[in-house]
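An overview of the molecular structure
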Amino acid sequence: MAFTLSINGETKTADVDGDTPLLWVLRDTLGLVGAKFGCGAALCGACTVHLDGAPVRACVTPVESVGKKKVTTIEGVGKTAVGAKVQEAWKAIDVPQCGYCQAGQIMSATALLTEKPKPTDEDIDAAMSGNLCRCATYIRIKKAIKVASGQVEA
């Protein structure tokens, strides 16, 4: 079945089964490979994308459930003011080590700062708790979020 999707401000069509995970549509059908496959069970956050601004795990989101919602991926989040600030803070703090999880981390951080421009440490911990980093860059991630929010200097 053909699905028409709004992805990063562009209309894309994917001819796939309705139960195909959004992650596979993005990566395998549309060539947007920024979101990563980690666990396949929505536990690690590597596949995080936004649906109408809310972070979701693309590995367990069937494409048929997307409907008319706007999909934003790591490839498009930098076009938003908050996403651009988060990406700049990530570079300034040198957050990534291996980098595998970072697209999902950035997507979750952007959603947080869009909802709460000046988050507390508790807000950050809650919003980022579903994103795992095998390299344990959590301290740098939290600092980058604080930098992007303007609460601390880089």
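Report follows, based on the coordinates. Position numbers for residues count from 1 along each chain, tracking the sequence in the order it is written. Totals for whole chains, interfaces and linings use every residue, but because this is a predicted model, local features are given only for residues with pLDDT of at least 70 and side-chain atom pairs only at 80 or more, for both listing and counting. As a rule here, side-chain values cover all heavy atoms of the structure and leave hydrogens and water aside.

Turning our eyes to something else, we now look at the sheet that holds strand S2 (residues 10-15). Here a strand pair is declared whenever DSSP counts at least two bridges between the two strands. Helix and strand labels come from DSSP, where a helix needs a run of H or I of at least four residues and a strand needs a run of E of at least two; each type is numbered from the N terminus. As summarised here, the arrangement of the 5 strands in space is S2-S1-S5-S3-S4, forming an open sheet in which the pairing is mixed. Each having just a single partner strand, S2 and strand S4 (54-57) make up the two edges of the open sheet. Strand-to-strand twist of the sheet, defined as the mean angle between neighbouring strand axes without regard to direction, takes the value 40 degrees. Bridging between strand S3 (residues 48-51) and strand S5 (residues 70-72) involves 2 bridges; their strand directions are antiparallel. Bridge pairing in S5 places Leu 51 opposite Val 71. The strands that helix H1 (residues 22-29) touches are strand S1 (2-7), S2, S3 and S5; relative to S3, the one it contacts most, it runs at about 105 degrees. On the sheet, helix H4 (residues 102-115) packs against S3, S4 and S5 and is oriented at approximately 35 degrees with respect to S3. Each axis is a line fitted through C-alpha atoms, and for a helix only the stretch in contact is used; angles between axes span 0 to 180 degrees, taken between their N-to-C directions. We call two residues in contact whenever any of their non-hydrogen atoms come within 4.5 Å of each other.

Side-chain pairs of opposite charge can arise whenever the charged atoms involved come near each other. We define a salt bridge as a contact between a side-chain nitrogen of Lys or Arg and a carboxyl oxygen of Asp or Glu at a distance within 4 Å. For the structure shown, the criterion picks out 5 salt bridges. A salt bridge links Asp 123 to Lys 116, with the shortest nitrogen-to-oxygen separation between them at 3.1 Å. For every residue, the accessible area (1.4 Å probe, protein chains only) is compared with the maximum for its type, and the residue is labelled buried under 20%, exposed over 50%, or partly exposed between those bounds. Its relative accessible area of 34% is what places Lys 116 among the partly exposed residues. Close ionic contact of Asp 121 with Lys 146 constitutes a salt bridge, the shortest N to O distance being 3.0 Å. Pair noted here: Asp 121 is in helix H5 (residues 121-128) and Lys 146 is in helix H6 (residues 138-148), with a separation of 25 residues, a long-range link.

Here the focus is H5. By the burial criterion, the buried members of H5 are Asp 123, Ile 124 and Met 128. Summarising the axial view, the buried residues of H5 lie within an arc of 110 degrees, below the 170-degree limit, and thus occupy one face. Exposed and facing more than 90 degrees away from the buried side of H5 are Glu 122 and Ala 126. Buried residues in H5 make contact with H4 and H6. As used here, the arc is the angular range of directions from the helix axis to the C-beta atoms.

Grid points spaced at 1 Å and placed over the protein atoms alone form the basis of the search, with a cavity being a set where a 1.4 Å probe fits but cannot get out and a pocket an open set showing protein on both sides within 12 Å along at least five of seven lines. Lining residues have an atom within 4 Å of a point. Grid points are joined across faces, edges and corners, and a volume is the space filled by probe spheres set on the points. Approximately 190 Å³ is the volume found for the largest pocket. Lining the largest pocket are 14 residues, and of these Tyr 100, Cys 101, Leu 132, Cys 133 and Arg 134 lie nearest its centre. Per-class residue counts for the lining of the largest pocket are 9 nonpolar, 4 polar and 1 charged. Think of it as three bins: nonpolar holds Ala, Val, Leu, Ile, Met, Phe, Trp, Tyr, Cys and Pro, charged holds Asp, Glu, Lys and Arg, and polar takes everything else, Gly as well.

Here Ala 35 lies in the loop between H1 and S3. Residues Ala 35 and Trp 24, spaced 11 residues apart in sequence, show a C-alpha to C-alpha distance of 9.6 Å. Leaving out residues up to four positions away in the same chain, Ala 35 has contacts with Leu 23, Arg 27, Ala 46, Cys 47, Val 49 and Ile 74.

No statement about biological role is implied by the geometric values presented.
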